[in-house]
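Below, each chain spelled out in residue letters.
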Amino acid sequence: MISIITSIFIILLGILLYLIIKYPDRSIGTNARPDLTGPKGLPLIGNLFKIREKGLTKFMYDVLMIYGPIATFTFPGLGRFITINDPESIEYVMKTNFDNYIKTPGSRIRLLDLLGDGIFNVNGQMWKFQRKLASHLFYGKNFREIICVVFEEETKNFLKIMEKKVNSGEIFDLQELFYRFTLNSFGKITFGLDFDCLTNIKNPVKFAVAFDLAQTITNKRVTNPYLWRCNEMFTDEGHKIREACKYLSDFAYDIIRKRRSNPEYLKNPKDILNLFMNAEYENGEKLTDKELKDIIINLIIAGRDTTAQELAWMMYNVMVNPNVEGKLVEEVNSLLSEDNPIPKYDDIKQFEYTQATFYETLRLHPAVPISIKLCLKDDMLPNGTPIYAGELVNWSSWATGRDERIWGENAKIFSPERFLNSEDGLKPSQYKFTSFNCGPRLCLGQNFATIEAMTLATSLLRIYKFERIPGQKSPPDFGVSITLPMKDPLLVKVHRRN
Ligand code: HEM
């Protein structure tokens, strides 16, 4: 007689066999798409192993190179992805039929502890409100005055550190100093606070420690989309992320409450928090403390790591491309001097080669390497490819930046000239140059980040030459993260230029 256990085992085996036959090359729950090409997956788990082995960014690059811009693959728990690695499809999804493609609810939950209902993590009406309010503030005169004063102060502090490093001759991590620069700038610009990141470079900054911890664990959630809950339940990471997010929230709430109790303070637009506290929705309502806290934390996330990482990639590219360095130095020497060592807002536009170098860095090392959107209703791309409700469309700026079909034969070469010699110049199409996103959700900080990076880079390059310590990987690997940090420190020595 067959025992109950054996019967259960046979039934489970039957179910498994049925599922393997139903999903022979794709992850469980996904529909077949025989009309599309793409890397063949394994039964039930689709392309899980390859994506885990290579990382999604490099996996997407391989898919683009082998199968072309429109292809498909599956990932268990997330579903079917349709890649749209061409400007026409990206424009369609990000602009033409914008309302049909939203940020995925799953990713919203994973980011909720850190981002709350801030602009990055919301769709629909909530996003529209915040976007309208923020964009109006981001381009105002007040904003420009606030940021430029801070960039100048922080650049001065950075130059002082460089002077010490020249004298000591020590080897240091340039990327880590750029994180300190952008965080300190952000602390001042958003809260009017000096975190002392650049005046006390040996000391850890409590806000930065909590912030890094919350971001590291959030990254793990993103890269481990279904087991993160278990991980946080059985390790101390759940507790750690809650504590870190609470610290950040309390920090922001404390400042907001102090300001509310001192209305005089709000009369002067000294920082971004002030601008938001004074701002009103169309119906005349002001933002609540929770809304203010979420906006501020989102802005710090948006602006700190991205710009610091781009500065690190830019300096790496300058160090390994002496011809680019030569042209940059020529440009900064023609526009800056000992009496005028740091560019002002209105002068920045004149540094065309520097801006082209920054954009070329963004093209090959985009701080947000991958974008994913969920399709709400059945739809069709301009080239006739159907997209069904529930499927995910995604593209990778890292992959398209290296695609010869888009950027020409020298796509993989670092060449700032491409932005100066082309018709579009320093205003490339958003759907081709996607590093700042595109369409109605175009990055609000594009101008901010460009000015910040150029202020520091031009001031540094006029006086100092960086030497990359031999023995480091070239190009450096990037770390697994929502953004694109260099995986290892960027070890350099700094010298005074003759
Ligand atoms: C080089 C630096 C930067 C890069 C490469 C960059 C890139 C991006 C990208 C790709 C997005 C879209 C993200 C998504 O929705 O998935 C984005 C959105 C955004 N960025 Fe940036 N960013 C940079 C710096 C900044 C800075 C400095 C700020 C603020 C001061 C900022 C503010 C924002 C905001 C508010 C959004 C949300 C826009 C929306 O959803 O409507 N960014 N950025």
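Per an unreviewed UniProt entry, the chain carries the name Cytochrome P450 and comes from Rhizophagus irregularis. Within the UniProt record for the chain, the comment given under Cofactor (unreviewed entry) is "heme".

Caption draft 1: View of the pattern of salt bridges. Following the criterion strictly, the structure yields 35 salt bridges and no others. The partner of R259 in a salt bridge is D271, with the nearest N and O atoms 2.8 Å apart. Taken together, the residues span a long stretch of sequence, with R259 in helix α11 (residues 237-260) and D271 in the loop between α12 (263-266) and α13 (272-278) at a distance of twelve residues. For the pair R259 and D271, a shared accessibility class is recorded, and that class is buried. The shortest N-O distance in the salt bridge between D289 and R260 comes to 2.7 Å. With D289 in helix α14 (residues 289-320) and R260 in helix α11, the pair connects residues that are 29 residues apart, well separated along the chain.

Caption draft 2: Structural context of the site of the ligand. In the vicinity of the ligand, 25 residues are found, and the nearest of them are K103, W127, R131, R441 and C443. A distance of 2.5 Å is found between an oxygen atom of the ligand and a side-chain nitrogen or oxygen belonging to K103. Contacts to the ligand include R441, whose side-chain N or O atom sits 2.8 Å from an oxygen atom. Residue assignment for the shell around the ligand shows that the elements contributing at least two residues are α6 (124-138), α14 and α20 (446-463). Of all the elements, α14 adds the most residues to the shell around the ligand, at six residues. Broken down by class, the residue content of the shell around the ligand amounts to 15 nonpolar, six polar and four charged.

Caption draft 3: Molecular detail of the domain arrangement of the chain. Each assigned domain of the chain is listed here: domain 1 (29-115 + 369-434) and domain 2 (123-363 + 438-497). Just the C-alpha atoms count here: the centres of domain 1 and domain 2 sit 26 Å apart. The interface of domain 1 with domain 2 comprises 42 residues on the first partner and 43 residues on the second. Together, the buried faces of domain 1 and domain 2 total about 3,700 Å²; carbon and sulfur atoms form 66% of this surface. On the domain 1 side of the contact with domain 2, R110, L114 and F414 bury the most area, a combined 23% of that side's loss. At the junction of domain 1 and domain 2, the tally comes to three salt bridges. Put simply, E417 and K327 hold a salt bridge, and the shortest N to O gap is 2.7 Å. Counting across the interface, domain 1 meets domain 2 through twelve residue pairs in polar contact (both at pLDDT 80 or more). Listed by contribution, the elements that provide at least two residues to the side of domain 1 that touches domain 2 are α2 (48-54), α3 (56-67), α4 (87-96), α5 (105-115), α17 (397-400) and α19 (417-421). Sorting elements by how many residues they give to the side of domain 1 that touches domain 2 places α5 first, with six residues.

Thresholds applied
- Residues numbered from 1 in each chain as written.
- Predicted model: local features only at pLDDT ≥ 70, side-chain atom pairs only at ≥ 80, totals over all residues.
- Heavy atoms only, no water.
- UniProt positions renumbered as here; feature names shortened; annotations may be inferred.
- Salt bridge = Lys/Arg side-chain N within 4 Å of Asp/Glu carboxyl O.
- Helix = DSSP H or I, 4+ residues; strand = E, 2+ residues; numbered from the N terminus.
- Buried < 20%, exposed > 50% of the residue type's maximum accessible area, 1.4 Å probe, protein only.
- Near = heavy atom within 4 Å.
- Polar contact = N/O pair within 3.5 Å; in protein donor to acceptor, adjacent residues only side chain to side chain.
- Nonpolar A, V, L, I, M, F, W, Y, C, P; charged D, E, K, R; others polar.
- Domains from an automatic or database assignment.
- Contact = heavy atoms within 4.5 Å.
- Buried area = accessible area lost by both parts, 1.4 Å probe.

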